[in-house]
Amino acid sequence: MTMSSCFRTLVISALALSASAVLLNSTDQLTKTQFDYIVVGGGTAGAVIANRLTEDPSISVLVLEAGRSNRDIFEIEAPFYGPGVSTPADLYWPYTITPQAGYNNRTFAYARGHVLGGSSSVNGMYYTRGSSSDYDGYAKITGESGWSWNSLTKYFARHERWVPPADHHNITGEYNASAHGTNGILQVSLPGFGFPSDAKIIAVTQENPTDFPFNLDHNDGTLLGIAWSQGTVGDPAYRDSSATSYLGDKFINRSNLYVVVNAQVTKVVQTGTSSKKPSFRAVQFANANNHSAPYKQVTANNEVILSAGPIGTPHLLQLSGIGDTIKLNKAGIKTIINNPNVGQNITDHPLAVAPYTVPEGQSLDHYLRGANLTASVAEWNQTKTGPLTFAVSNQLGFFRLPSNSSIIQQFGDPTPGPGSAHIELVFTPGWVQFPDPRPANGSFFTVSVTVSHPTSRGSIDIVSSDPFTQPLINPNYLTTDFDIQTYIYGLKLAKKFVASQALQGFILAPYGPYAEVETDEEIENYLRETSLTFSHILGGAEMSPKGASWGVVDPDLKVKGADGLRIVDASIFPYLPSSHPMAETYLFAERASDLIKADRKQS
């Protein structure tokens, strides 16, 4: 029996979610056509906006989500069932990236959540806010101090609800309590299932604090070093996504909040002009399960907020006539706002893995085969404890290139400040090499490597006026010298880590093609031939100073040259933060909701 079928057989009969909420599962069920605000996309950011705006019972909000409901899907609920682990295909958009020159012209499927909660319903659940330098860089680029670290700290408490780990172990010395909120909405916790590698990884920080320093908490603004992972695993240990938190039962049942799933927006519609700007206060959408059904249209009294994600939002702008005139003409789209910046400045974290074998029974792999899998599933099903509360790793580390690095001397430093990372290492006590299946035998320890601040830039480009034809998605990985040289350094750093005395006797040998990699040339070839993605794509609708000739949105996230249209999702980031960007997306959406409320009060 496969891991997926075993899990399904044991869990589906017993999985019980909290009281069901009212959702409209079909576009035919929506009879109301006018709302104060329309949110396009019920993902990480869109759920925050919908929640915060409907705190005022006099405000009506419609959320249109292209995917299905997140409810009663056990592959979402169990934390272990993150990306690449037999998750149903329809929970992802059917995206494929273009052949990548930096990856030896390889192409692959690109995972983005196609379900209520968006990618927060299917990702690895890492909660990493990034460095304070990252936020201060956003403030500097946009000329808006409200995006700085100090300005955003007030949202930590109202956003986050710190909860105990699944095993309720003593967490003293594993986090900084002062950096976290306890009365917010989204649940965050430390790992709740331990492995033999945990103590050994922490021991490396004591053995070699120069190269691998210990960091008490990655989320207090001081990012660098190795820390215990934090993730959006709740208490009890279910995945806590934007759908289960910001659109949880007590919120989604508000009489002024309407959430329609299986509703794919096809474009935003111009409804007139205001101060010589085209106004966009209507949305056209289709039945996602029946593309031939007649489209419907709804209208917003105040604003349309695009939260369709860093691929969906640029594509929707282009479908709506906002983008590069030349590209729009080729796709058969009439231009309303000519902005060549739409869909540009896309960036993503490349992913390489360094796998090693370890003694039998000392990794996650041990719990995911045969009778052990059956026992693991039963434990999670009955008590919400055990191996299936584990997400991707119990520790991760962020590092900078040495200050005298020839890479920085030759290519410059792209980070926004000295607190930001160049490299991230993720330590997983198990097999990680998607989409390759877990080997039938053996126990593994994997170090995943990425370039935290890549300088390669790509694009999202429309190719057809058909809204169901995917755009060209080109992250353009490893096309700068800085990126590939830093990537090589990162893999060598991983090798140095596993060679530490604290890991001797635990790390047995490198595994697979990686075992043949030693020289810089061999490392580069390995990286180009095997790298995939952390699925952290963002950009395409970046924010810039008000009045700037570049960018897509102003610092208040209103679309340049448009009226009634705002963007709140990861597409507005000018560059990747030194982290997994889910936490930043939540925090930016929290502030964005305040900006929207302030505008309403002034009108």
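Anyway, here's the lowdown on the structure attached to this text. (Residues numbered from 1 in each chain as written. Predicted model: local features only at pLDDT ≥ 70, side-chain atom pairs only at ≥ 80, totals over all residues. Heavy atoms only, no water.)

Along the protein chain, the regular secondary structure elements total 15 helices and 23 strands. Expected size for 603 residues packed as a compact globule is a radius of gyration near 25 Å; at 23 Å, the protein chain falls within 12% of this value. Dimensions of the protein chain along its principal axes, counting C-alpha atoms only, are 70 × 60 × 45 Å. Here the protein chain holds 603 residues, and the buried ones make up 63% of them. Across the protein chain, the fraction of contacts at a sequence separation of at least 24, relative to all contacts at a separation of at least 6, is 75%. Split by element, the accessible area of the protein chain, about 21,300 Å² in all, is 51% carbon and sulfur. Counting 41 positive and 52 negative side-chain charges, the protein chain places the averaged centre of each group 9 Å from the other. (Helix = DSSP H or I, 4+ residues; strand = E, 2+ residues; numbered from the N terminus. Rg over C-alpha atoms; globule rule 2.2 N^0.38 Å. Buried < 20%, exposed > 50% of the residue type's maximum accessible area, 1.4 Å probe, protein only. Contact = heavy atoms within 4.5 Å. Areas by Shrake-Rupley, 256 points an atom, 1.4 Å probe, with all protein chains shown as cover. Lys, Arg positive; Asp, Glu negative; His and termini not counted. Charge placed at Lys NZ, Arg CZ, Asp CG, Glu CD.)

Together, Glu516, Glu518, Glu521 and Glu522 line one region of the surface with negative charge. Relative to the helices and strands, Glu516 is located in the loop between β21 (509-510) and α14 (520-530). (Patch = residues over 30% accessible without salt bridge, like charges linked within 9 Å, V, L, I, M, F, W, Y side chains within 5 Å. Salt bridge = Lys/Arg side-chain N within 4 Å of Asp/Glu carboxyl O.)

With that settled, the discussion passes to the side chain of His580. Turning to its location among the elements, His580 is positioned in the loop between β23 (565-567) and α15 (582-602). A polar atom in the side chain of His580 sits 3.3 Å from the side chain of His536. (Polar contact = N/O pair within 3.5 Å; in protein donor to acceptor, adjacent residues only side chain to side chain.)

Leu64 and Leu565 are the most contacted members of the largest nonpolar core, which totals 92 residues. Sorting elements by how many residues they give to this core places α15 first, with nine residues. When residues no more than four places from it in sequence are discounted, the contact partners of Leu64 are Ile38, Val39, Val40, Gly41, Gly42, Val260, Ala263, Val265, Val283, Phe285 and Val298. (Core = buried A, V, L, I, M, F, W, Y, C linked by side-chain atoms within 4.5 Å.)

Attention shifts here to the pattern of salt bridges. Counted according to the given criterion, the structure contains 22 salt bridges. Residue Asp461 pairs with Lys327 through a salt bridge whose shortest N-O separation is 3.0 Å. Placement of the pair is Asp461 in strand β19 (residues 458-461) and Lys327 in helix α10 (residues 325-331), with a sequence separation of 134 residues. The class of Asp461 is buried, set by a relative accessible area of 13%. Residue classification places Lys327 among the partly exposed residues on the basis of a relative accessible area of 27%. For Asp599, the salt bridge goes to Arg566, with nearest N and O atoms at 2.8 Å. Of this pair, Asp599 sits in helix α15 while Arg566 sits in strand β23; the two residues are 33 residues apart in sequence, bridging distant segments of the chain. Each of Arg52, Glu55, Arg158, Glu590, Asp594 and Lys597 takes part in a single network of salt bridges with overlapping partners.

The next subject is helix α11 (residues 370-383). Across its 14 residues, α11 extends 20 Å between first and last C-alpha, which sits within 8% of the 20 Å expected from 1.5 Å per residue. Within the span of α11, buried status applies to Leu373, Ser376, Val377, Trp380 and Asn381. With its buried residues spanning 130° around the axis, α11 presents them on a single face. For α11, exposure combined with an orientation more than 90 degrees from the buried face picks out Ala371 and Gln382. Looking one or two residues past α11, Lys384 carries a phi angle of roughly 55°, positive in sign. (Expected span 1.5 Å × (residues − 1). Arc of directions from axis to C-beta.)

With that settled, consider the packing of helix α13 (residues 481-498) against α14. Interaxial distance between α13 and α14 falls to 10 Å at its minimum, and their mutual angle equals 105°. It follows from the interaxial angle that α13 and α14 lie roughly perpendicular. Contacts from Ile484, Tyr487, Ile488, Leu491 and Lys492 of α13 reach α14 at Asp520, Ile523, Glu524, Tyr526, Leu527 and Arg528. Here the residues of the contact of α13 with α14 are counted per class, giving seven nonpolar, no polar and four charged. (Axes fitted to C-alpha atoms, helices over the stretch in contact; angles between N-to-C directions. Parallel < 35°, antiparallel > 145°, perpendicular 65-115°, else oblique. Nonpolar A, V, L, I, M, F, W, Y, C, P; charged D, E, K, R; others polar.)

What follows covers the environment of Arg591. Secondary-structure assignment places Arg591 in helix α15. Judged by its relative accessible area of 12%, Arg591 falls in the buried class. For the pair formed by Arg591 and Val447, sequence separation is 144 residues and the distance between their alpha carbons is 35 Å. Beyond its immediate sequence surroundings of up to four residues, Arg591 is in contact with Glu144, Gly146, Trp147, Leu152 and Tyr155. Among the polar contacts made by the side chain of Arg591, one reaches the main-chain carbonyl oxygen of Gly146 at a distance of 3.3 Å.

The strands making up a sheet associate through hydrogen bonds between their backbones, and the pairing can be parallel or antiparallel. Taken together, three strands build an open sheet; the order of strands is β14-β19-β20 and the sheet is antiparallel. Both outer strands of the open sheet, β14 (344-346) and β20 (472-474), are each paired with one neighbouring strand and no more. Averaged over all pairs of adjacent strands, the angle between their axes in this sheet comes to 35°, without regard to strand direction. Sheet topology note: the β14/β19 ladder contains two bridges and is antiparallel. For Gln344, the partnering residue across the bridge sits in β19 and is Ser459. With respect to the sheet, helix α9 (residues 309-319) is in contact with β14, β19 and β20, its orientation differing from that of β19 by roughly 50°. (Pairing = 2+ DSSP bridges.)

Within the secondary structure, Ser544 sits in the loop between β22 (532-533) and β23. Within polar-contact distance, the side chain of Ser544 engages the side chain of Lys560 at 3.1 Å. Excluding anything up to four places from it in sequence, Ser544 contacts Thr142, Trp550, Gly551, Val553, Asp554, Pro555 and Lys560.

Here the focus is the environment of Thr271. Relative to the assigned elements, Thr271 resides in strand β9 (residues 263-274). Classification of Thr271 by relative accessible area gives partly exposed; the value is 41%. Linking Thr271 and Gln362, residues 91 residues apart in sequence, is a C-alpha distance of 62 Å. Residue contacts for Thr271: discarding those within four places in its chain leaves Ser279, Phe280, Arg281 and Ala282. There is a polar contact of 3.4 Å between the side chain of Thr271 and the backbone nitrogen of Arg281.

Let us look at the packing of aromatic side chains. In total, this model carries 31 aromatic pairs according to the counting rule given. Summarising the aromatic geometry, the rings of Trp147 and Phe588 are spaced 4.4 Å apart at their centres and angled 15° between planes, so their arrangement reads as stacked. Here Phe588 lies in helix α15 and Trp147 lies in the loop between α4 (132-142) and α5 (149-152), a separation of 441 residues in the sequence. Assigned by exposure class, Trp147 and Phe588 land together as buried. Considering the side-chain rings of Trp149 and Phe156, the 5.1 Å spacing of their centres and the 65° angle between planes classify their relative orientation as edge-to-face. Through a chain of ring-to-ring contacts, three or more aromatic side chains come together here, namely Tyr135, Tyr138, Trp147, Trp149, Phe156, Phe573, Tyr575 and Phe588. Here the basic side chain of Lys32 rests over the ring of Phe35, its NZ or CZ set 5.3 Å away from the ring centre. The ring of Trp147 has Arg591 sitting right over it, with the charged end atom 4.4 Å from the ring centre. (Phe/Tyr/Trp six-rings, centres within 6.5 Å; stacked < 30°, edge-to-face > 60°. Lys NZ or Arg CZ within 6 Å of the ring centre and 35° of its normal.)

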